[in-house]
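Descriptive analysis of the structure
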Amino acid sequence: MFKDLLRRMIGVILLGSLVGIGFLSPVRDYVKLPESVTIFEGQNSIQSLPAGTSIQQEENEIYTTAMESEKIVSIQAKTNGDHMATLEAGSFPIKKMDVKVLSDLKVVPGGQSIGVKLNTLGVLIVGHHLVNTSTGKQSPGEIADIQVGDIITKINGKDIKKMGDVSPFVRESGESQKPLDVTIIRDGKFLHKTLKPLQDKNDQSYRIGLYIRDSAAGVGTLTFYDPASFKYGALGHVISDMDTKKPIKVNNGEILGSTVTSIEKGSNGHPGEKLARFSNDQRVLGDISKNSPFGIFGRLNDKISNGSWNKPLPIALSDQVKEGPAKILTVVNGSKVREFDVDVISSVPQKFPATKGMVIKITDPELLKITGGIVQGMSGSPIIQNGRIIGAVTHVFVNDPTSGYGVHIEWMLDEAGINIYEERKQAS
């Protein structure tokens, strides 16, 4: 019985010791250490080490430097590839850390105001209207179960690319009294609907009772472009139709130069707006091939200038973004790109693509005086911290126009088709 009691007491003491160890500062520091670190060539990764430990590199391609105290170590890479570092305590190895080193990647920051012209894939249904027939008011489109937000891609098997393609089919169907076989896209699925045009008793023309649109236009801000491939990213968020509120499926489009003419200042509950017009020369800067949750993407036709920020800058991954001072590049008058002070209030390291990865706050007195904070048209303005592009402005907080969301740059690069994990050659 005494032995059983002794075993229980020893068990309780050991359990209490294990629990107590978990509260020790060095142990908590050790648990916080990442299993792996990803950095670019020439960049540093600063790690806080538990007291009495150190990092020993196993290859010559990476090296470490003590900073301020033995508890702070900077990991820096000489060459790209996968490497290994070992965490030691009293010369005994206790943990291995993968160090993934990516090829140096630099892109040119944007900030320019751009005009955006999008052509939809097919024609977009933005509303229904009633046809005044001899038997009463009816909407053939609504009867055929064609809904707002649907996209008409074919009629009777023929491609529909613009609004002008629809009228001949409607007229022919009305005269022959043969209904139309309409192919639509709804929630990513192709559906077939039977649509019978009705005759308006006033002008005797045949109508389908649908409001349609085949293009959209607006202004925004360029975020970056790759000097090697001319691939670019802009806006930082999806373009949605103003009536349906659904993302526009892009067939093609183009970006043009834009000039900011005035600013409608933002206030609590009322987001402001950049008022701009397309540049007089109507010069096309590039095409639009994708409209995604992370912005619009395509290729520029040539290099474009943004004044003092024409040189490529390195980027930062989401786990390298720190709370604190940063800058944004944007246009508030004419076409001149300027820098303004902001603070990164919070940033969430993300292993998978996601929007709204950062919260930023405008702190620049001049910008606050001009705009009141973040305004529509500022979306896509690049955010720069410690000489690296970290992301882009995306949304304003309606009840606090001085603050808003930002998206991390790595996800915009991925959407643009720029693989940050592959070896690449930089343009000079």
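Below or above, wherever it landed, is the structure these notes cover. As the structure is a prediction and not an experimental result, all values here were calculated from the model.

Cut-offs used in this document
Residues numbered from 1 in each chain as written. Predicted model: local features only at pLDDT ≥ 70, side-chain atom pairs only at ≥ 80, totals over all residues. Heavy atoms only, no water. Helix = DSSP H or I, 4+ residues; strand = E, 2+ residues; numbered from the N terminus. Pairing = 2+ DSSP bridges. Axes fitted to C-alpha atoms, helices over the stretch in contact; angles between N-to-C directions. Buried < 20%, exposed > 50% of the residue type's maximum accessible area, 1.4 Å probe, protein only. Arc of directions from axis to C-beta. Contact = heavy atoms within 4.5 Å. Salt bridge = Lys/Arg side-chain N within 4 Å of Asp/Glu carboxyl O. 1 Å grid on protein atoms, 1.4 Å probe; cavity = no way out; pocket = protein on both sides within 12 Å on 5 of 7 lines; lining within 4 Å. Points joined across faces, edges and corners; volume = space filled by probe spheres on them.

1. Details of unusual backbone geometry
At Asp145, a residue that is not glycine, the phi angle is positive and equals roughly 60 degrees. Positive phi, normally seen in glycine, also occurs at Asn156, with a value near 50 degrees. Relative to the assigned elements, Asn156 resides in the loop between strand S12 (151-155) and strand S13 (158-159).

2. Some words on the pairing of strand S20 (residues 250-264)
Of the strand pairs in this sheet, strand S9 (residues 113-128) and S20 are connected by seven bridges, and their pairing is antiparallel. Within S20, the residue paired with Thr120 across the bridge is Val250. The pairing of S20 with strand S22 (residues 284-287) spans three bridges and is classified as antiparallel. Bridging from a neighbouring strand, Glu254 pairs with Asp287 of S22. Where S20 meets strand S21 (residues 272-278), six bridges bridge the pair, whose relative direction is antiparallel. Counterpart to Ser262 in the pairing with S21 is Leu275.

3. What about the sheet that holds strand S26 (residues 324-330)?
Taking strand neighbours around the barrel as the criterion, the six strands line up as S26-S27-S28-S32-S31-S30 in a closed arrangement whose pairing is antiparallel. Averaged over all adjacent pairs, the angle separating strand axes in this sheet is 45 degrees, with direction ignored.

4. Structural notes on the pairing of strand S15 (residues 189-195)
Looking at chain direction, strand S14 (residues 180-186) and S15 are connected through seven bridges and run antiparallel. Of the residues in S15, the one forming a bridge with Thr183 is His192. If you look at the hairpin formed by S14 and S15, you'll find two residues sitting between the two strands, and Asp187 has a positive phi there, around 55 degrees.

5. Here's the deal with helix H4 (residues 167-176)
Every α-helix winds through 3.6 residues per turn, so residues three or four apart in the chain are directed the same way. Within the span of H4, buried status applies to Phe169, Val170, Ser173 and Gly174. Each buried residue of H4 lies within a common arc of 130 degrees when the element is viewed along its axis, so the set occupies one face. Relative to its buried face, H4 has exposed residues pointing more than 90 degrees away, namely Glu172 and Glu175. Looking at the packing, one finds that the buried side of H4 touches S12, S13, S14 and strand S17 (206-207). Remark: Gln177 follows H4 within two positions and exhibits a positive phi of approximately 60 degrees.

6. Considerations on the pattern of salt bridges
Once the charged atoms of two side chains with opposite charge are near each other, the side chains can pair. On inspection of all chains with the given rule, the structure shows 13 salt bridges. Notably, a salt bridge pairs Glu415 with Lys290, separated by 3.9 Å at the nearest N-O pair. Here Glu415 is found in helix H6 (residues 409-415), whereas its partner Lys290 is found in strand S23 (residues 290-292), with 125 residues between them in sequence. Its salt-bridge partner being Lys327, residue Asp341 comes within 2.8 Å of it at the nearest N-O pair. Note that Asp341 is positioned in strand S27 (residues 338-347) and Lys327 in strand S26, a separation of 14 residues in sequence. For Lys327, a relative accessible area of 29% gives the class partly exposed.

7. So, the layout of surface pockets
Taken as a whole, the largest pocket holds about 890 Å³ of empty space. Around the largest pocket, the lining is made up of 30 residues, and of these Val219, His237, Ile239, Ser240 and Gln376 lie nearest the centre. Breaking the lining of the largest pocket down by element, the ones donating at least two residues are S9, strand S18 (210-225), S21, strand S29 (375-376) and strand S31 (388-397). Here the element with the most residues in the lining of the largest pocket is S18; it accounts for six residues.

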